[in-house]
Amino acid sequence: MRSSGRRSAWSGGALVAVSMALTAVPKVHAFSDPRRFSAPAAEGGGGGRQFTGAPGDGLSCAVCHGGDAPPEVTFEGLPEVFVPGREYEVRMQWADLDRAHAVQLQMVQSDGASTPLELVTEGGVLADEMHCHGASSEAPAAYSVDADGRRILGVEGCFARALRFRFVAPDVPELDLGAGVVRSDGSGTFAGDGVLEVRLRLARFGDPSPPSCTASV
């Protein structure tokens, strides 16, 4: 069984981001390769930070990006109250489809473990909306990375339209979903981007429901 709820998240403050890399190809990456984030800062890495804003990360992509109004995102299928053992399928979408968005997302359990999140595929292939420019003929924009015992989902800043993932709810009191969202202004610089930090807390069925919020930096 899957939840079918819809939740919105937006903030009035500046927020998250990671490095922006310019390459010879026409696609601009709002995030560096997340595998590099585990490398020491002296070697050009993130010193173990993944910049999701989730518990244990602390920092978000707002340490680099900012300058524009934050993007608005919605979550469909994300439960405020979850049932352990039940599978949930979530669709995260951004409102402004005319600008490129990049995402880093993680779900952390109350015991500190990272919840395994899986990208949703159709016949083993990502849906069109999770490819660059929303077309299956383009390169995949959504990706998953395992780093330092953490499962990170992300979206490259190449005009994908949504991120879809699923998870089986663990038997823990709470789950914290943290996500950093960057809306690029197309300049290829850190300045002028809209940035948002999402922090949503989910409660186990039968437990007191914790407050659910979206935080800004």
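Cut-off values and rules
- Residues numbered from 1 in each chain as written.
- Predicted model: local features only at pLDDT ≥ 70, side-chain atom pairs only at ≥ 80, totals over all residues.
- Heavy atoms only, no water.
- Helix = DSSP H or I, 4+ residues; strand = E, 2+ residues; numbered from the N terminus.
- Buried < 20%, exposed > 50% of the residue type's maximum accessible area, 1.4 Å probe, protein only.
- Contact = heavy atoms within 4.5 Å.
- Disulfide = S-S within 2.5 Å.
- Pairing = 2+ DSSP bridges.
- Salt bridge = Lys/Arg side-chain N within 4 Å of Asp/Glu carboxyl O.

### Examining the environment of Leu119
At step 1: Within the secondary structure, Leu119 sits in strand β7 (residues 118-119).
At step 2: Relative accessible area serves as the criterion here: at 16%, Leu119 is assigned to the buried category.
At step 3: With 47 residues separating them along the chain, Leu119 and Arg166 place their C-alpha atoms 6.5 Å apart.
At step 4: Apart from residues lying up to four places away in sequence, Leu119 is in contact with Leu126, Ala142, Tyr143, Ser144, Leu153, Leu163, Arg164, Phe165 and Arg166.

### Looking at the state of the cysteines
At step 1: Throughout the structure, instances matching the rule amount to one disulfide.
At step 2: Residue pairing for Cys132: its cysteine sulfur links by disulfide to Cys158, the two sulfurs lying 2.1 Å apart. Across the S-S bond of Cys132 and Cys158 the torsion is about -70°, and the bridge reads as left-handed. A residue pair is termed long-range when its members are at least 10 positions apart, and Cys132 in the loop between β9 (125-126) and β10 (142-147) and Cys158 in the loop between β11 (150-155) and β12 (162-168) qualify at 26 residues.

### Focus: the pairing of β11
At step 1: Of all six residues that make up β11, six are buried, and the element is covered over most of its length.
At step 2: In β11, alternate side chains face the same way, and those of Arg150, Ile152 and Gly154 on one face and Arg151, Leu153 and Val155 on the other are all buried.
At step 3: Where β10 meets β11, six bridges bridge the pair, whose relative direction is antiparallel. Following the sheet pairing, Ala147 is matched in β11 by Arg150.
At step 4: Hairpin connection of β10 to β11: two residues between the antiparallel strands, including Asp148 at a positive phi of 55°.

### Focus: the pattern of salt bridges
At step 1: Using the criterion set out here, one finds 12 salt bridges in the structure.
At step 2: As a salt-bridge pair, Glu89 and Arg164 come within 3.5 Å of each other at their nearest N and O atoms. With Glu89 in strand β5 (residues 87-94) and Arg164 in strand β12, this pair connects stretches of sequence that are 75 residues apart. For the pair Glu89 and Arg164, a shared accessibility class is recorded, and that class is buried.
At step 3: Note that Arg166 is salt-bridged to Glu89, the shortest N-O span being 3.4 Å. Highlighted residues: Arg166 in strand β12 and Glu89 in strand β5, separated in sequence by 77 residues.
At step 4: Among the residues examined, Glu89 registers a relative accessible area of 19% and is labelled buried.

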